[in-house]
Amino acid sequence: MRKVAVLGAGTMGAGIAQTAAQSGCEVVLHDVSDAQLAKGIASVERGLSKLAEKGRLAAPVGDVLDRVRVTTELTALGECPIVIEAVPEDLALKRRVFGQLEAVTSAETVLATNTSSIPVTAIAGELQHPERVVGMHFFNPVPLMQLVEIIPGLATAEAAVEAAVAMAELLGKTVVVCQDAPGFLVNRVARGYYGEALRLLQEGVADVETIDRLARSEANFRMGPFELMDLIGIDVNLAVSQGVYRASYEEARYKPSGLQERMVQGGLLGRKTGKGFYRYDE
Amino acid sequence: MTNNRILLVGDGGVALELAEALKGAGVDVESYLHPGPIDLANERPFTFLCDEFDRLDWLRIDLVLLAMTSPKEVQKRILREIEARAGEETTFLVSAMSCAATETASWLRLPERVVGFGVVAPVSEARAIEVCLPLQVKGCTRRLDEVVHMLGGLHHKWVTVRDSAGLVMPRLVAAVVNEAFYALMEGAAEAEDIDTAMKLGTSYPYGPLEWADRIGLDQIHATLCGVQEEQGGERYRPAPLLRRLVLAGQFGEASGRGVYEHGEENADA
């Protein structure tokens, strides 16, 4: 049985732990907070129970859940050949965490980061063995989304890439390998979908409802850009846009929208606050 | 409005698809389709079209449909040749995918006869077509109503948006596709991987590069250039790789090769 450690029991960490457990892996789920671990494991249990209800879980929920061991001790991760880090998106925090990981793991342990916006090269930059650090970008919700972006940093060894690809495939995911460039692939190419929709709205070419309707009926997108931004969270979407814009030294194609920033300032964050481009609180 | 006969002049995949859709809907359509953008310096297409136009029974033509990705000067010249022959009641439905309908209308003696349209290929899978009115009509919708009536056989819903180069979805999809071409050019990933990532990572209906091949690289390029001309700035600059592929005549499915190989080679026809 493959062993994998997941660092951080937030939405992404819990999703990765669940996916690994249901794929037959033995999982060590780590977080610095007991409360977060409790939330994380509860979320794994909910996810597994939903799958079981639909008859899509091969083993009983309890058996799968038993494969996940929770801990607040970093030393407990040392025995796993691969660690997937999913702590908050903050370069200083991630660098500190990877420094600690280097102290408790062997030089052969593959250290994967689930960052969506920080260069893998920057996370690995200060380590003694940056060659075993690799990006492994999962999409939310992890158990449902089929894609994993695998990102080698400038110093990453081929063996680490191969290990990350093998792990993602073991989890039943489809892998694309992409460069360590701002936004990797999906977040980068998708910028235009949101940015252009915001511009069209600001220019008065069409209103929110019309643009969303055309996206669905004319171009066959599953969701229009505005309903999708409301689902993702206007603040989350703006932060990605700002990150890619800054990291590219202000490339004009990625320029964030002032309208979007105004909405964040006004607390209109989308579905989670009941108000965004649409209203959800009525 | 008497015979409901349509003259279609086009040079790209959208025109080709529209011709098929109109014939499928039982519309009486006379089509002149050039394989790819027309070069202003090449007189042959103009001579050919003018000879053909001289033979047409213009009293029977109620609607002229122009769907071109060629340079504006080419479109202007063809439209003026058409207007010199068409009756005053003939409506002009022109692509606003690379040039605002207001600008196209400004080339004509009777700008009030113009209606703009835009649609994202594949036309057969689209359930809506965008239409817009140039500023010269001052809000009068008579010509638009005629278009909707005459093309009522198509299964598409007509959605009115404000006139501007690229309208809504052609501009939005062109922006997404352009970014995919930058990513491909920079070696961020292989073409297939870029397409896979966008379909699985964010549920796009088609990968942006396979979509570009379907829409036509010439159309994507024309939309980006048209929006860039209207908006100014760097934001809509076509990826150099996209521009080179268009210059090489690799427009996508219609020419047999674009980002991907598509088998039948008919670009030289």
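Just so it is clear, the structure is predicted and the values come from calculations on it, not from any experiment.

**Side note on the overall build of chain A**
Then, in step 1: For chain A, the helix and strand inventory stands at 11 helices and eight strands.
Then, in step 2: Its C-alpha atoms give chain A a radius of gyration of 20 Å, near enough to 19 Å, the size a compact globule of 282 residues would have.
Then, in step 3: Structurally, chain A occupies a C-alpha span of about 60 × 45 × 30 Å along its principal axes.
Then, in step 4: Expressed as a percentage of its 282 residues, the buried residues of chain A come to 52%.
Then, in step 5: Long-range contacts, defined here as pairs at least 24 residues apart, represent 64% of the contacts in chain A between residues at least 6 apart.
Then, in step 6: Working note: accessible area of chain A is about 11,900 Å², and carbon and sulfur atoms make up 51% of it.
Then, in step 7: Taken together, the 28 basic and 35 acidic charged side chains of chain A have centroids lying 4 Å from each other.

**Topic: the sheet that holds strand β7 (residues 157-160) of chain B**
Residues and elements named next belong to chain B.
Then, in step 1: In spatial order, the strands read β2-β1-β3-β4-β5-β6-β7; together these seven strands make up an open sheet with mixed pairing. At either end of the open sheet lies a strand with only one pairing partner, and these are β2 (28-33) and β7. The average undirected angle you get between the axes of adjacent strands in this sheet is 25°.
Then, in step 2: Note that strand β1 (residues 5-10) and β2 share six bridges and pair parallel. Bridge pairing in β2 links G10 to L33.
Then, in step 3: Its contacts with the sheet place helix α1 (residues 13-24) against β1, β2, β3 (61-67) and β5 (114-118), and it is angled at close to 160° to β2.

**A few points about the packing of aromatic side chains**
Then, in step 1: Counted under the stated rule, the structure contains 10 aromatic pairs over all chains.
Then, in step 2: Ring geometry for Y32(B) against F53(B): centres 6.3 Å apart, planes inclined by 85°, an arrangement best described as edge-to-face. Of this pair, Y32(B) sits in strand β2 while F53(B) sits in helix α2 (residues 44-55); the two residues are 21 residues apart in sequence, bridging distant segments of the chain. Comparing Y32(B) with F53(B), the two get one shared label, buried.
Then, in step 3: Both rings, one in Y206(B) and one in W211(B), keep their centres 4.8 Å apart while their planes meet at 55°; by these two values the pair is tilted. We note that Y206(B), like W211(B), is buried.
Then, in step 4: The rings of Y193(A), Y194(A), F221(A), Y204(B), Y206(B) and W211(B) are connected pair by pair, giving a single aromatic cluster.
Then, in step 5: Over the ring of Y182(B) we find R253(A); its NZ or CZ atom is 3.6 Å from the centre of that ring.
Then, in step 6: In this structure, R77(B) packs its charged tip against the face of F46(B), placed 3.9 Å from the ring centre.

**Thoughts on the interface of chain B and chain A**
Then, in step 1: Taken together, the contacts link 49 residues of chain B with 43 residues of chain A.
Then, in step 2: The interface formed by chain B and chain A holds six salt bridges in total.
Then, in step 3: As a salt-bridge pair, R235(B) and E196(A) come within 3.1 Å of each other at their nearest N and O atoms.
Then, in step 4: At the boundary of chain B and chain A, one finds 22 residue pairs in polar contact (both at pLDDT 80 or more).
Then, in step 5: Contributing elements (two or more residues each) for the side of chain B that touches chain A: β6 (128-132), β7, α6 (169-185), α7 (191-202) and α8 (208-215) of chain B.
Then, in step 6: Of the residues forming the side of chain B that touches chain A, the biggest block, 12 residues, is contributed by α6(B).
Then, in step 7: Residue composition of the side of chain B that touches chain A, by class: 29 nonpolar, nine polar and 11 charged.

**Examining the pattern of salt bridges**
Residues and elements named next belong to chain A.
Then, in step 1: Under the criterion given, the structure shown has 35 salt bridges over all chains.
Then, in step 2: In this structure, the salt-bridge partner of R216 is E227, at a minimum N-O distance of 2.7 Å. A residue pair is termed long-range when its members are at least 10 positions apart, and R216 in helix α8 (residues 208-217) and E227 in helix α9 (residues 225-232) qualify at 11 residues.

**Overview of a positive patch on the surface**
Then, in step 1: A cluster of like positive charges, contributed by R46(A), K50(A), K54(A) and R56(A), occupies part of the molecular surface.
Then, in step 2: Mapped onto the fold, K50(A) is located in helix α2 (residues 34-53).

**A few points about the nonpolar core**
Then, in step 1: By size, the foremost hydrophobic cluster in this structure holds 115 residues, and its most contacted members are L7(B), I78(B), M169(B) and F181(B).
Then, in step 2: Of the residues forming this core, the biggest block, 10 residues, is contributed by α6(B).
Then, in step 3: Apart from residues lying up to four places away in sequence, L7(B) is in contact with E30(B), Y32(B), F53(B), L56(B), W58(B), I61(B), L63(B), V64(B), L65(B) and I82(B).
Then, in step 4: Judged by nonpolar contacts, the second largest core, of 39 residues, contains I16(A), L65(A), V142(A) and L171(A).

Cut-offs and rules
- Residues numbered from 1 in each chain as written.
- Chains lettered and ligands numbered in written order.
- Predicted model: local features only at pLDDT ≥ 70, side-chain atom pairs only at ≥ 80, totals over all residues.
- Heavy atoms only, no water.
- Helix = DSSP H or I, 4+ residues; strand = E, 2+ residues; numbered from the N terminus.
- Rg over C-alpha atoms; globule rule 2.2 N^0.38 Å.
- Buried < 20%, exposed > 50% of the residue type's maximum accessible area, 1.4 Å probe, protein only.
- Contact = heavy atoms within 4.5 Å.
- Areas by Shrake-Rupley, 256 points an atom, 1.4 Å probe, with all protein chains shown as cover.
- Lys, Arg positive; Asp, Glu negative; His and termini not counted.
- Charge placed at Lys NZ, Arg CZ, Asp CG, Glu CD.
- Pairing = 2+ DSSP bridges.
- Axes fitted to C-alpha atoms, helices over the stretch in contact; angles between N-to-C directions.
- Phe/Tyr/Trp six-rings, centres within 6.5 Å; stacked < 30°, edge-to-face > 60°.
- Lys NZ or Arg CZ within 6 Å of the ring centre and 35° of its normal.
- Salt bridge = Lys/Arg side-chain N within 4 Å of Asp/Glu carboxyl O.
- Polar contact = N/O pair within 3.5 Å; in protein donor to acceptor, adjacent residues only side chain to side chain.
- Nonpolar A, V, L, I, M, F, W, Y, C, P; charged D, E, K, R; others polar.
- Patch = residues over 30% accessible without salt bridge, like charges linked within 9 Å, V, L, I, M, F, W, Y side chains within 5 Å.
- Core = buried A, V, L, I, M, F, W, Y, C linked by side-chain atoms within 4.5 Å.

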